[in-house]
Structure formats: C-alpha cells, structure tokens
Amino acid sequence: MYSNARGSRLPLAFNLVSIFSLFLIIGLPVISVVLFAIFPSFNELSFARPFSNFIPQFSNPHLLTSTLNTLRLAFSVTLMSIMIAVILAYLRSRMHDHYGRIWDVLFLIPFLIPPYIASMAWIQMFQFNGFFYQWFDLNLSGFLFSFSGVVFVMTLHLFPLIYFAAVNAFKVVGNRYSDVAKIYGAGSVQIAFRILLPLIVPTLLSTGLIVFALTIEEFGTPDILGSRFGFSVLVTSIEEKLTDWPIDLPGASVLSLLLITIAISVYLIQIAISKRYTDSVDNQTMASKPLNHKGFMLVSHGIFFFVAVFTVVVPLFSILTSSMMQTMSRGLHWNNLSLEAYQTLFSLDDGALDAIYTSLTLALMTALITAVIGMLVAFTLIRLKPKGHKILDALSLLPNAMPAMVLSVGLILTWNQKFLPVTPYNTLFILLLAYTCLMLSYPIRMLTAAMKQLPASLDEAAAIYGADLLLIARRILFPLLIPISVAAGCIVFAISTRELVASLILAPAGTETVATYVFNQFDQGSVSSGMAMSFVVIVVSGMLIALGQLLAKRHAR
C-alpha cells in the first residue's frame, strides 16, 4: 500500500534512518565491547593478538570471586523475592479488591526509590549510632554490611516485581481447580502446593529471571554496602578497572563481555518461558472469590503491614528524617530537626542547583529524543515491516538486556578514540547519548504497542484520497500517538533524573548530576544534603511517573 501511495523511496528512508539511529546509539557501544575484548589493540585499528587478554583476566582469582558473588547474590535475591512474593500474592488473591488495592499502591513505592538511595537509607537505620541503635540499643551494622544485608536490601526493592505478576497469575487461575480438589478431599496445604503453586510456576520463573537480571546489573547497593566488607561483584569490578589507576580498558571490556553473556542468556530464557506459557495461563479465566474469614483477614493484613513497614515506611522515614537532621551525632529529636538542608539545596552556593539544572536539562532532552526515535521505530516496525525488521526489533530490545555499566564501558570504548576527528566524549553530549541509549527501549515498547492498536484502515482511507507515506505518518498516525509519547517521555524523564551508573562513569570533570551529587554528599559525610536531594528526586519522579501512567491509561481507553 505504501509503495503505491508514494513510491518506494520513503519507506526505505524510514527504515534506513531507524536502523542508523539504533545502530549509532545502541549497536556501536555493544560492538565496541565485543571487539575490544577480543582484539586488545583495536583502538589502534589492529586485529593483532586476538583473545590474548582473556587468559590474564580469567586467570585472575578476583574475577572468579566476583563472578561467583554475582551469581550467588542473584540467586539469593531471586529466591527470597519469590518466597515473599508468593506468600503475599496468595493472601492478596483471597482479599477483597478494595483492601488489596491499598497494598498494591504501597508496594509500587519501592520502584520510586532508587536502590542506591534505599541503601543509604538503610545505613542510617542500621549503622552504629543509627536510628535503631538510638531507639532499641541495637547495632545491626554487622548484619547490614554482610552478604545477608545486601540480599535483604535488594530483595525489599525487587520482590514487588514478582508480587504483581503472581497476583495476576492467582487471579487467572481462580477457584476452579481448588473447588474440584476440595470435592475430592484435598486439604488447604495440598491445594496450595500441588495445584496452585505448579500453575503459577511459569510466571514465577519468568519474573524471577527479570529479578535475576536486574540483580546482576545493579551497581548502587553492592557498591555502597558491599565495599564496607570487601564484597565485589562483576559491575563493581568493572567500575574499579575504569576508576583505579592504571585504567584497564581491555580488562573492563572482557568483564563487560562476560556480563553481557550472562545477561543476554537470562533475558533469552525469560522470553522463551514467557512465550511458551503465556497462552496456557491466560486461558484460565475463572475469577477467585475473596475469603471472608476474620482470622484469616487479620493475619493477612498483619503480614502485609509487616512487609510494608520494612519495604516502604522505614526507608522513606529514614530519608526524610535524615534530610531534616542538623547533625547526625546529636540523634533524632525535635531540637535537631530543621529544613536547613532544603534551603541549602536551593541556594546558589552549594552546587546542588547546578546538579539539578544539569539533570533536568539532560532528562528533558533525553525524553524528547527517545520519544521522536521511538515514534519513528514504532512506525517502521509495525506499519512498514521492511526486510530485516527483526534486526531492528532486536536492536530496540538490546538495552533491556544490557547492564548500564556495560553500555557505559561501550560508550567509552566507542568515543574515546584518538582517531576520531570529533567526539562527544568528555562533554555533556556523552551523558545525553548514554541516557538515550539506556532509556530508548521504554518509548519504543510503549509506542509499538500503541501503534498496533491503530487500525490499518486509517492508512488505507488516507491512501485512497491520495495521501503519501509522509502525510499519513505526519497528519494521521503521529498525532494519534502524541499522548502515549508524552506518557513515555514522562517516564523517561523521571528515570533519567536519577540515573547513577552512566553519570558516575561518563560525567565530564566538574560536572555533577543529581545522582552523583547524592553519591558524593554521602561519601563526604553531608548526609542531610544528600538525603534532601534524594527526597526531592523521589517526589518529583513519582509525580512524573504517575502522570505518565495516567496518560497511558487514558490513551488505552
């Protein structure tokens, strides 16, 4: 239809621009990591000594320790997240919806708190002379600065991902099988372990693998807590190779390649499981009935309350009170509370305003760029479907499987080369490129889904009246996608304002973003300033994400 409407050049142009954009932003960093890992002299455009860097890296016992720590941490966090999520999801499926929705909203809050800020909040709670020590004379720093402590903090941040998926799975399964089992004399334990749990295993495996992947790519929590007791994982080892002198770029590329292999393997398994079991689970549509037993409801709400205290209340309380304390050593009492940190935050002397301005500017530009590219790629993938569109689709999905640390290493290896006449490296443009690379998959996925909902009859009717491809896209399809573009832009903006890894690795000297400001303030002992900035970021990003979700839901109607 499009070739008849205006010739075949425009579809080809759309396709080429889409592929070139994704290749420049996403493909080049990944290819650079692979090439530099295999050919250590590739920066001199030499293919000599292939794989020669692998032996010294893989014979380093520190790498083996970091790899095992990464896998051990990921397995532990995933297992703990599944255990907590399954219990809560089962209880939630037996609640009345109006009570359950309250807990659902509360368990969305951990997504608003970046892991590195949550880790700092838990330090304020559990460290020696922290809040728990002041209230209960309990020094829990030994627990927090241990492997169990890292697992504890990361589990509280990630288990809601599995919880929401498990809740939906229990709803889909419903009461049909349980009722039949009861007729044949099965008890509650038998029904739970032999009927319900096996039916939601595919959902648990699929979302568990997402938690696994998020754990192995997480940098903030292992760095903040793990560095206190010598615990290293792959991402922190890569960061050490980039920041400790002498800088070891070939070593960082080899470790990044190892991390890519693990992350992509996990991601592909997750996709395979999702595709294999989606139909069989979705076909079970009988809704479950809420349980009205008072004792059961009391216990259920008690368990939810207990988990919510540690997941939501304690971290937010720690962040807010720490931001208001004049000095940490004087402890928590009214005379030690003030809004001085917030006043300092918005003064001209502290540098916080510069960090906010830099982050807001970068986030705004990232939101605009990703929305435009996302619209272009969605149109090409769904409407044009050119030959080789699977490559374009794979490129658009790649950031989902790539840890931020790996993409940051890839950007350094790509743009920090002497033979390049012009490079964005060591300027703010490299941060813009990094944010765009990391966030691009969000608008592409949202806009692709929205484009699928627009009927092809719109294009056909316009073509009958002589509209060409450009006119159909510019006057019909793209205006219809503006609400979802704004929604995607809000989400990208909110996440970009608090991005940590790329900001730490790629920010030019003398430049601070919100995330690096928080990180540095905490390192320098200015806890109240860092927490004040954290609280502002959480509130602002929460409002923007909520706005984005609201716009997306309105568009879906």
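Residues numbered from 1 in each chain as written. Predicted model: local features only at pLDDT ≥ 70, side-chain atom pairs only at ≥ 80, totals over all residues. Heavy atoms only, no water.

As annotated in an unreviewed UniProt entry, the protein is ABC-type transporter, integral membrane subunit from Marinomonas mediterranea. The UniProt entry for the protein carries the following text under Sequence similarities (unreviewed entry): "Belongs to the binding-protein-dependent transport system permease family." (UniProt positions renumbered as here; feature names shortened; annotations may be inferred.)

Novice: Break down the overall build of the protein for me, citing the residues and quoting the values.
Specialist: Looking only at helices and strands, the protein has 26 helices and 0 strands in total. Seen through its principal axes, the protein has C-alpha atoms that stretch 75 × 65 × 50 Å. Residues counted as buried form 52% of the 557 residues belonging to the protein. Considering only intrachain contacts with a sequence separation of at least 6, the fraction spanning at least 24 residues in the protein is 79%. Here the protein displays about 25800 Å² of accessible surface, and carbon together with sulfur accounts for 67% of that area. A gap of 15 Å separates the mean positions of the 31 positive and 25 negative side-chain charges of the protein. (Helix = DSSP H or I, 4+ residues; strand = E, 2+ residues; numbered from the N terminus. Buried < 20%, exposed > 50% of the residue type's maximum accessible area, 1.4 Å probe, protein only. Contact = heavy atoms within 4.5 Å. Areas by Shrake-Rupley, 256 points an atom, 1.4 Å probe, with all protein chains shown as cover. Lys, Arg positive; Asp, Glu negative; His and termini not counted. Charge placed at Lys NZ, Arg CZ, Asp CG, Glu CD.)

Novice: Before we move on, could you go through the layout of surface pockets and cite the residues and values that matter?
Specialist: Estimated volume of the second largest pocket: approximately 500 Å³. Lining the second largest pocket are 20 residues, with Tyr90, Arg94, Ser188, Ala192 and Leu196 sitting closest to its centre. Secondary structure elements with two or more residues in the lining of the second largest pocket: α4 (61-93), α10 (176-183) and α11 (188-217). Top contributing element to the lining of the second largest pocket by residue count: α11, with 8 residues. Its residues assigned to classes, the lining of the second largest pocket comprises 13 nonpolar, 3 polar and 4 charged. (1 Å grid on protein atoms, 1.4 Å probe; cavity = no way out; pocket = protein on both sides within 12 Å on 5 of 7 lines; lining within 4 Å. Points joined across faces, edges and corners; volume = space filled by probe spheres on them. Nonpolar A, V, L, I, M, F, W, Y, C, P; charged D, E, K, R; others polar.)

Novice: Residues and numbers for the pattern of salt bridges, please.
Specialist: Evaluated as defined, the whole model comprises 3 salt bridges. The partner of Lys241 in a salt bridge is Asp248, with the nearest N and O atoms 3.3 Å apart. We classify Lys241 as buried; its relative accessible area is 17%. With relative accessibility at 23%, the residue Asp248 sits in the partly exposed group. (Salt bridge = Lys/Arg side-chain N within 4 Å of Asp/Glu carboxyl O.)

Novice: Which residues make up the environment of Leu428, and what are the values?
Specialist: In this structure, Leu428 sits in helix α20 (residues 428-439). For the pair Leu428 and Gln124, spaced 304 residues apart in sequence, the C-alpha to C-alpha distance is 33 Å. Setting aside anything within four residues of it in sequence, one finds Leu428 in contact with Thr358, Leu362, Pro508 and Thr511.

Novice: Help me get a handle on the UniProt feature "domain: ABC transmembrane type-1" (unreviewed entry) in the protein, residues and values and all.
Specialist: As annotated in UniProt, the feature "domain: ABC transmembrane type-1" (unreviewed entry) corresponds to residues 67-270 and 356-548 in the numbering used here. Regarding residues 356-548, the helix share stands at 80% and the strand share at 0%, and the terminal C-alpha atoms are separated by 21 Å.

Novice: Requested: an account of the side chain of Thr215, with residues and values cited.
Specialist: Relative to the assigned elements, Thr215 resides in helix α11. For Thr215, a relative accessible area of 3% corresponds to the buried category. Other than its neighbours up to four places away in sequence, Thr215 contacts Leu73, Ala74, Val77, Met154 and Leu158.

Novice: Quick one: what's the story with the domain arrangement of the protein, residue by residue and with numbers?
Specialist: Under the domain assignment used here, the protein contains domain 1 (1-42 + 338-556) and domain 2 (65-246 + 281-305). Measuring from the centre of the C-alpha atoms in domain 1 to the corresponding centre in domain 2 gives 28 Å. In total, domain 1 and domain 2 occlude about 1800 Å² of area from one another, counting both sides; carbon and sulfur atoms represent 82% of this. Looking at the side of domain 1 facing domain 2, the largest losses of area belong to Met405, Arg498 and Phe522, adding up to 30% of the total buried there. (Domains from an automatic or database assignment. Buried area = accessible area lost by both parts, 1.4 Å probe.)

Novice: So what's going on with the nonpolar core? Residues and values would help.
Specialist: Membership of the largest hydrophobic core comes to 163 residues, with the highest contact counts inside it found for Leu22, Leu73, Tyr163, Leu506 and Met533. The residue makeup of this core includes at least three contributed by each of domain 1 (1-42 + 338-556) and domain 2 (65-246 + 281-305). Excluding anything up to four places from it in sequence, Leu73 contacts Phe147, Val150, Val151, Met154, Thr215, Pro222, Phe231 and Val233. (Core = buried A, V, L, I, M, F, W, Y, C linked by side-chain atoms within 4.5 Å.)

Novice: Describe the packing of aromatic side chains, naming the residues involved and giving the relevant values.
Specialist: A complete count under the given rule lists 31 aromatic pairs for this structure. Aromatic pair Phe51 and Phe54: ring centres 5.5 Å apart, planes at 65°, arrangement edge-to-face. Residue Phe51 is classed as partly exposed on the basis of its relative accessible area of 48%. An angle of 75° between the planes, with centres 5.6 Å apart, marks the rings of Phe107 and Phe159 as edge-to-face. With Phe107 in the loop between α5 (97-106) and α6 (115-126) and Phe159 in helix α9 (residues 147-173), this pair connects stretches of sequence that are 52 residues apart. (Phe/Tyr/Trp six-rings, centres within 6.5 Å; stacked < 30°, edge-to-face > 60°.)

Novice: Describe α4, naming the residues involved and giving the relevant values.
Specialist: Across its 33 residues, α4 extends 47 Å between first and last C-alpha, which sits within 8% of the 48 Å expected from 1.5 Å per residue. Two to three positions downstream of the cap, the backbone nitrogen of His62 sits 2.9 Å from a side-chain oxygen, assigning the N-cap of α4 to Asn60. (Expected span 1.5 Å × (residues − 1). Polar contact = N/O pair within 3.5 Å; in protein donor to acceptor, adjacent residues only side chain to side chain.)

Novice: Describe the side chain of Arg498, listing the residues and the values that go with them.
Specialist: Take Arg498: it is sitting in the loop between α23 (469-496) and α24 (501-506). Look at Arg498: it is buried, it has no salt bridge, and the nearest opposite charge is Glu499 at 9.8 Å. In this structure, Arg498 is in contact with Phe111, Leu112, Ile113, Pro114, Tyr116, Ala515, Val537 and Ser541, ignoring residues within four places of it in sequence.

Novice: With reference to specific residues and values, describe the packing of helix α18 (residues 389-401) against helix α21 (residues 441-453).
Specialist: Interaxial distance between α18 and α21 falls to 8 Å at its minimum, and their mutual angle equals 130°. In terms of axis orientation, α18 runs oblique to α21. Crossing angle aside, the handedness with which α18 passes α21 is left-handed. For the pair formed by α18 and α21, the contact residues are Asp393, Ser396, Leu397, Pro399 and Asn400 on the first element and Ser441, Ile444 and Arg445 on the second. A class-by-class count of the residues in the contact of α18 with α21 yields 3 nonpolar, 3 polar and 2 charged. (Axes fitted to C-alpha atoms, helices over the stretch in contact; angles between N-to-C directions. Parallel < 35°, antiparallel > 145°, perpendicular 65-115°, else oblique. Left-handed = near helix turned anticlockwise from the far one by under 90°.)

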